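Chain residues, written in single-letter form:
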Amino acid sequence: MDSPYWSQDAASVMRALEARPEGLSSAEAEARLARDGANALQEQEKTDALQLLLRQFASPLVLILVIGSSIALLLREWTEAGVILAIVLGSTVLGFAQEYRASKAVDALRKRLALSARVLRDGAERDVPFAGVVRGDIVLLSAGDLIPADGVILEAADFLVTEASLTGETFPVEKKPGACAPQTPLAQRGNCAFAGASVRSGAAKVLICATGKQTVLGGVAAHLRMRDPETEFSKGLRRFGYLLLRVMIVLVVFVLIINQVLGRPFLESLLFSVALAVGLSPELLPAIVSVTLSAGAREMAKEGVLVRRLEAIENLGEIDVLCTDKTGTLTRGVAALEGALDVDGALSPDVMQLAYLNAAFETGIENPLDAALVAAGQAKGLVADDWAKVDEIPYDFERKRLTIVVEKAAAPGGDRLIVAKGAFDNVIDVCTEAKIDGAAAPLDEAVRAKLNGAYRAFGERGLRVLGVATRIAARKADYTRDDESAMCFIGFLTFADPPKPDARDTIAALRAKGLKIKIITGDNRHVAAHVAEAMGLDPKALLTGEDVDALKGVALAPIANKTDVFAEVEPQHKERIVKALQQAGHAVGYLGDGINDAPALHAADVGVSVDQAVDVARAAADVILLKQDLGVLKRGLESGRKAFANTLKYICITTGSSFGNMVSMALATPLLPFLPLTATQVLVTNFLSDLPLMAVAGDNVDQAQTDAPQRWRVRDIQSFMLVFGLLSSVFDLATFFVLVRVVHADAELFQTVWFVVSVLTEIAALLILRTRLPAWTSAPGRWVAWLSLLVVAVTLAAPYLSPLKALLELQAPSLSLLTIGCVIVLAYAASTEAAKVVFYRRASAKR
């Protein structure tokens, strides 16, 4: 195109793109996709085995080991170099195997969660993945859709679009066909729709002119790397990493300086210091986190819970407040029309007929209330053939009304009839009359009070209520919101959506797991209170949207914390409520599936939506439920807490035991005439103790840890590391004393016994500290148990097996000396079990 597409008329753009009103053929679309590439901001990451393997070697800890082995090779220390390289290869292969399986699971989840667009292909509507949309496609958009690519508007009906992510404009803007000047800035191109924007209301046909990296959003992403905000779990990991780094630097520098002061060989001292650094570092943490999260994702997928971002699993384990809508979650979500009633509450065929016309001709947001109206009308034999639709003023979340304009099909030249249907308050607000006894009467205070009383009575019975109003309108080309005025209120529509039979029990089970439930709904306070009471919540602990507006600044936080039900709320209220609960110290989950839920889904610690939700809600959510059921979410919550517990378990155990051993060796270094372990022995010790830890991702988790929210607290981890690390050091130093003062062991015998004791204490720490219960009452996972037994067997046999004995420079200890070592390990295990009881008792008391 010589000039930008937004400055040309639609026919010219169609010709330039070789597009047609009936859409491209499938063959044309495939050819364009092959030529232009997928409609994506970046190439879809796929699991590449070689890249994943190479990534294992990018770890700083691995690089430190490689540098150490290179130095050893240069100095012809072949054994040292060979052992270090073997450790590197063993660790990276194990990490690769685990992460490769995890990545394949993530790839499968991504495919299941891909968004799709409605396009015209071969003259028919088809659902096509976003990545498959091409230039020249005609996309059909309606309220709730995300726009897949940039294009020009061909047709539009009250088409309002939110472009805040591109222009910063928070209010929706209307889009219409036409042309703009070539120099028109982005925010003023009223004839264009852009990738990343969302449809607020109305419907449109859009001709796609730019896809993928060629879109406006693609240009922004090319300059600014767009990342999801850092989760609380990720922040905790980062802070934890800084803590370890500081401890590691102090220990390594101290040991290196002391060894040089004592005149020990530099290479031996350097390799020992490097081994200490590696021993203290949880180098398997990335693999453990990846494996734990992917295992959690697979387990959750079996329960009907799909995870869009793996980090959300950890956050799901943290949430202690769940905000949820009621429709479809607490109620059946299948509305049934109870009655079409006049202002006196009597069944009215006229109200039924007009409401049926409104629902039958509606083309915007699909919703269960309109579906129920159409079904009820058809069951009564109603048809719309006698009427012709002239115009539609689509539903939006400010007006909360849907209005159609119709005329008699047999008399197209006559007056037109406007029929509005929507939330009772919003409909009655545009009325000046009410139809009483078949005639229009002024809507005075007495009539208004009567209608409000009826509305309240319906709500207290748990019925959803819509109002219906009409007026005769003069003929004109276009009808707008201004025409929704001076109307006549003709009656009510009542709908039944009873609570799910198991919803009350599910909520009770969630509350038993430490989760507070908050209902947030746009429905009126009477219906909301009725449902809350049925769910076992407090119907009097209720705030309306007006109440929320009246609470300025931080005043909402303490009150929101005590509130069970928020009714008559707008989208901005939902977001503010979530943020207020976060200010009150809660980790908040939000369950929603509508256009107006997107801001709250973004704000929540975990946004939860359903597979049938509108695009904008699914895109904003972290977790997708295949079934709109709190029971499904309950099982997902348990999986999230299990994944969180196992990740935290690995971090605490490995840092506690490793910290203790490293501190012991650092303290012993200046006091002994030799190193307590060689660098090779330190690395092998670390490798052996890490083997069963690799299986922690699938370890059993105590019921108590899934019955309460899990929170990431770096201070708790620091305390854990200090308490159990230093306890380990006490027994290490006792071992050193026995070996030096009692047995008078030489360097090789000392290192042998200490090697065995060090590995066995780490295995004991794993089996004891993996649970907060007495260790003998909580069975470890199968792989944790078998790998622990394997490591114990290899460790005890190593000093007596010639190949290992020579490689690790070990000396076969006497049976009595080995028994002394095992007694020390048992004493350590008993002390750790006792210390665990005290530690967790005090930790609970502090909270």
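Computed from a predicted model, the values in this text were never measured in an experiment.

Caption draft 1: Representation of the packing of aromatic side chains within the structure. Per the counting criterion, the structure on display carries 14 aromatic pairs. Ring plane angle 20 degrees and centroid distance 4.4 Å describe the contact between Phe424 and Tyr455, whose orientation is recorded as stacked. One end of the pair, Phe424, is in helix 14 (residues 424-428); the other, Tyr455, is in helix 15 (residues 445-460), and 31 residues separate them in sequence. The class of Phe424 is buried, set by a relative accessible area of 1%. With a centroid separation of 5.3 Å and 35 degrees between ring planes, the pair formed by Phe736 and Phe750 is classed as tilted. Note that Phe736 is positioned in helix 26 (residues 714-742) and Phe750 in helix 27 (residues 747-769), a separation of 14 residues in sequence. Neither residue differs from the other here; Phe736 and Phe750 are each classed as buried. Here a set of aromatic residues connected by ring pairs shows up, and it is made of Phe424, Tyr455, Phe458, Phe489 and Phe492. The ring of Trp6 has Arg189 sitting right over it, with the charged end atom 3.6 Å from the ring centre.

Caption draft 2: Quick peek at the sheet that holds strand 19 (residues 542-544). Spatial strand order, 8-23-22-21-9-18-20-19: eight strands in an open sheet with mixed pairing. The open sheet has two free edges, formed respectively by strand 8 (305-307) and strand 19, since each of these has just one partner strand. Taking each pair of neighbouring strands and ignoring which way they run, the sheet shows an average axis angle of 20 degrees. Of the strand pairs in this sheet, strand 21 (residues 588-591) and strand 22 (residues 606-610) are connected by three bridges, and their pairing is parallel. Bridging from a neighbouring strand, Gly589 pairs with Val606 of strand 22. Relative to strand 22, helix 11 (residues 311-318) is tilted by about 105 degrees, and along the sheet it contacts strand 8, strand 22 and strand 23 (623-625).

Caption draft 3: Focus on a nonpolar patch on the surface. Taken together, Ile249, Val253, Ile257 and Val261 make up a surface patch of nonpolar side chains, about 380 Å² in accessible area. Of the residues examined, Val253 reaches a relative accessible area of 42% and is grouped as partly exposed.

Caption draft 4: A look at the nonpolar core. Membership of the largest hydrophobic core comes to 37 residues, with the highest contact counts inside it found for Leu625 and Leu630. In terms of residue count, the dominant contributor to this core is helix 23 (residues 630-668) (five residues). One finds Leu672, Leu677, Leu688 and Ala798 within the second-largest nonpolar core, a separate group that totals 35 residues.

Caption draft 5: Inspection of the side chain of Asp497 at higher detail. With respect to the helices and strands, the residue Asp497 is situated in the loop between strand 17 (487-496) and helix 16 (503-512). Although Asp497 is buried, it forms no salt bridge, and the closest oppositely charged side chain is Arg464 at an N-O distance of 5.4 Å. At a separation of 2.6 Å, a polar atom in the side chain of Asp497 contacts the side chain of Thr331. Residue contacts for Asp497: discarding those within four places in its chain leaves Thr327, Gly328, Thr331, Arg332, Gly333 and Val334.

Caption draft 6: The arrangement of unusual backbone geometry in detail. Notably, Asp437 is not glycine yet its phi reads approximately 55 degrees, a positive angle. Mapped onto the elements, Asp437 comes out in the loop between strand 14 (431-436) and strand 15 (439-442). At Glu809, a residue that is not glycine, the phi angle is positive and equals roughly 60 degrees. Within the secondary structure, Glu809 is located in the loop between helix 29 (802-807) and helix 30 (815-846).

Caption draft 7: Layout of helix 27. End to end, helix 27 covers 32 Å across 23 residues, agreeing with the expected 33 Å (1.5 Å per residue, within 8%). Judged by how many residues are buried, helix 27 sits mostly within the fold: 20 of 23 residues are covered.

Caption draft 8: Inspection of the side chain of Ser778 at higher detail. If you trace the backbone, Ser778 turns up in the loop between helix 27 and helix 28 (782-797). Apart from residues lying up to four places away in sequence, Ser778 is in contact with Asp702, Arg770 and Thr771.

Caption draft 9: Structural view of the environment of Ala16. On the secondary structure map, Ala16 appears in helix 1 (residues 10-16). You can call Ala16 partly exposed: its relative accessible area is 44%. It is 9.1 Å that separates the C-alpha atoms of Ala16 and Gly136, two residues lying 120 residues apart in sequence.

Caption draft 10: The arrangement of the environment of Asp622 in detail. Structurally, Asp622 can be placed in the loop between helix 22 (615-620) and strand 23. Judged by its relative accessible area of 7%, Asp622 falls in the buried class. Separated by 16 residues in sequence, Asp622 and Val606 place their C-alpha atoms 6.0 Å apart. For Asp622, the residues in contact, after removing those within four places along its chain, are Leu306, Val307, Arg308, Arg309, Ala312, Asp605, Val606 and Gly607.

Caption draft 11: Layout of the environment of Lys400. On the secondary structure map, Lys400 appears in the loop between strand 11 (387-393) and strand 12 (401-408). With 26 residues separating them in the primary sequence, Lys400 and Asn426 have C-alpha atoms 6.4 Å apart. When sequence neighbours within four positions are dropped, the list of residues in contact with Lys400 reads Tyr395, Gly422, Ala423, Asn426, Gly522, Val569 and Glu570. Within the structure, the side chain of Lys400 is placed 3.5 Å from the side chain of Glu570, a separation counted as a polar contact.

Caption draft 12: How the structure looks around the packing of helix 15 against helix 17 (residues 525-534). Packing of helix 15 against helix 17 brings their axes to within 7 Å, and their N-to-C directions diverge by 20 degrees. For the element pair helix 15 / helix 17, the angle class is roughly parallel. Helix-helix and strand crossings are classified by hand; for helix 15 and helix 17 the assignment is right-handed. Across from Arg456, Gly459 and Glu460 in helix 15, the residues of helix 17 making contact are His526, Val527 and His530.

Caption draft 13: Fine view of the pattern of salt bridges. Throughout the structure, instances matching the rule amount to 28 salt bridges. Between Lys389 and Glu392 there is a salt bridge, and its shortest N-O distance comes to 2.5 Å. Residue classification places Lys389 among the partly exposed residues on the basis of a relative accessible area of 30%. Glu392 sits in the buried class, given a relative accessible area of 5%. Residue Glu638 is joined to Lys513 by a salt bridge in which the shortest nitrogen-to-oxygen separation is 3.3 Å. Residue Glu638 is found in helix 23, and its partner Lys513 is found in the loop between helix 16 and strand 18 (516-520); the two are separated by 125 residues along the sequence.

Conventions and cut-offs
Residues numbered from 1 in each chain as written. Predicted model: local features only at pLDDT ≥ 70, side-chain atom pairs only at ≥ 80, totals over all residues. Heavy atoms only, no water. Phe/Tyr/Trp six-rings, centres within 6.5 Å; stacked < 30°, edge-to-face > 60°. Helix = DSSP H or I, 4+ residues; strand = E, 2+ residues; numbered from the N terminus. Buried < 20%, exposed > 50% of the residue type's maximum accessible area, 1.4 Å probe, protein only. Lys NZ or Arg CZ within 6 Å of the ring centre and 35° of its normal. Pairing = 2+ DSSP bridges. Axes fitted to C-alpha atoms, helices over the stretch in contact; angles between N-to-C directions. Contact = heavy atoms within 4.5 Å. Patch = residues over 30% accessible without salt bridge, like charges linked within 9 Å, V, L, I, M, F, W, Y side chains within 5 Å. Areas by Shrake-Rupley, 256 points an atom, 1.4 Å probe, with all protein chains shown as cover. Salt bridge = Lys/Arg side-chain N within 4 Å of Asp/Glu carboxyl O. Core = buried A, V, L, I, M, F, W, Y, C linked by side-chain atoms within 4.5 Å. Lys, Arg positive; Asp, Glu negative; His and termini not counted. Polar contact = N/O pair within 3.5 Å; in protein donor to acceptor, adjacent residues only side chain to side chain. Expected span 1.5 Å × (residues − 1). Parallel < 35°, antiparallel > 145°, perpendicular 65-115°, else oblique. Left-handed = near helix turned anticlockwise from the far one by under 90°.

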